[in-house]
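Descriptive analysis of the structure
Chain residues, written in single-letter form:
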Amino acid sequence: MTEITPAEAQETEALEGFGVASLCGTDLRIKSVDQWRPSYLRALRQGDYDTWAAGVLHEDDVQTFVDLDATFAEINDFTSAAMEAVGETPGKSGGRSTSRRSTRKR
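Described below are features of the structure shown in this document. If you're wondering where the values come from, they're calculated on a predicted model, not measured in any experiment.

**Re helix H3 (residues 49-56)**
What H3 keeps buried is the set Tyr-49, Trp-52, Ala-53, Gly-55 and Val-56. On an axial view of H3, the arc spanned by its buried residues comes to 165°, and they lie on one face.

So, in C-alpha cells, the structure goes:
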C-alpha cells in the first residue's frame, strides 16, 4: 500500500467537495452545485461573472479568476466545464418543468 505524503493529503483536502475546471490553462476549484445559491445562477445569466465566481469558486481561486481576465468565449467554455464538473448540465434548470397537458378536469 502506498503512503500518502503530507502534500498529497493537503491537496486531497483542498479538493474535497469541489470540482475542477480549467480557465486559460489554470485549474480552478468549483463548489458542489448543492452549495450554490439561486443568486449565483442569476449573476451568471446576467453576465456578472465576478459575482458568480465569488459565489461558486473556492475562496482562494476567486482572485485568480479575476486576474486571468479571460475573454467571453473562454469564460463561456469555463462556466460550462465548471457546471459539468459539479454535476449541473449547462442550460438545464433544476426546477420542475410544466406539463404540456392540463391536469385540470373539464
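**Structural notes on the packing of helix H2 (residues 38-45) against H3**
Running from N to C, H2 and H3 point in directions that differ by 150°, and their axes come no closer than 7 Å. Relative to H3, the element H2 lies roughly antiparallel. Our pair here, H2 against H3, has a crossing hand that is left-handed. Between H2 and H3, the contacting residues are Tyr-40, Ala-43 and Leu-44 on the first element and Tyr-49, Thr-51, Trp-52, Gly-55 and Val-56 on the second. Classifying every residue of the contact of H2 with H3 gives six nonpolar, two polar and no charged.

**Remarks on the pairing of strand S2 (residues 26-31)**
Alignment of strand S1 (residues 18-23) against S2, held across six bridges, turns out to be antiparallel. Bridge pairing in S2 places Leu-23 opposite Thr-26. Connecting S1 to the antiparallel partner S2 that follows it, the hairpin turn spans two residues, and Cys-24 within it adopts a positive phi of roughly 55°.

Reading the values: the criteria
Positions within a chain are numbered from 1, following the residues in the order the chain's sequence is written. Reporting in this predicted model follows two pLDDT cut-offs: at least 70 for local features of residues, and 80 or more for side-chain atom pairs to be given and counted; totals over whole chains, interfaces and linings ignore these cut-offs and use all residues. Water and hydrogen atoms play no part in the side-chain values, which are based on all heavy atoms of the structure. Exposure classes here rest on a 1.4 Å probe applied to the protein chains alone. A residue is buried below 20% of its type maximum, exposed above 50%, and partly exposed in between. Each helix is a run of DSSP H or I of at least 4 residues and each strand a run of E of at least 2, with the numbering of both proceeding from the N terminus. What the arc covers is the set of directions going from the helix axis to the C-beta atoms. Think of each axis as a best-fit line through the C-alpha atoms, taken over the contacting stretch in the case of a helix, with angles from 0 to 180 degrees between the N-to-C directions. Note that the term roughly parallel is reserved for angles under 35 degrees, roughly antiparallel for angles over 145, roughly perpendicular for angles of 65 to 115, and oblique for everything else. Working rule for handedness: look at the near helix, and if it is turned counterclockwise from the far one by less than a right angle, call the crossing left-handed; if clockwise, right-handed. In this description, contact between two residues means that some pair of their heavy atoms is separated by no more than 4.5 Å. Residues are grouped as follows: Ala, Val, Leu, Ile, Met, Phe, Trp, Tyr, Cys and Pro are nonpolar; Asp, Glu, Lys and Arg are charged; all remaining types, including Gly, are polar. The rule for pairing is simple: two strands pair if DSSP sees at least two bridges between them.

These figures come from the coordinates and say nothing about function on their own.
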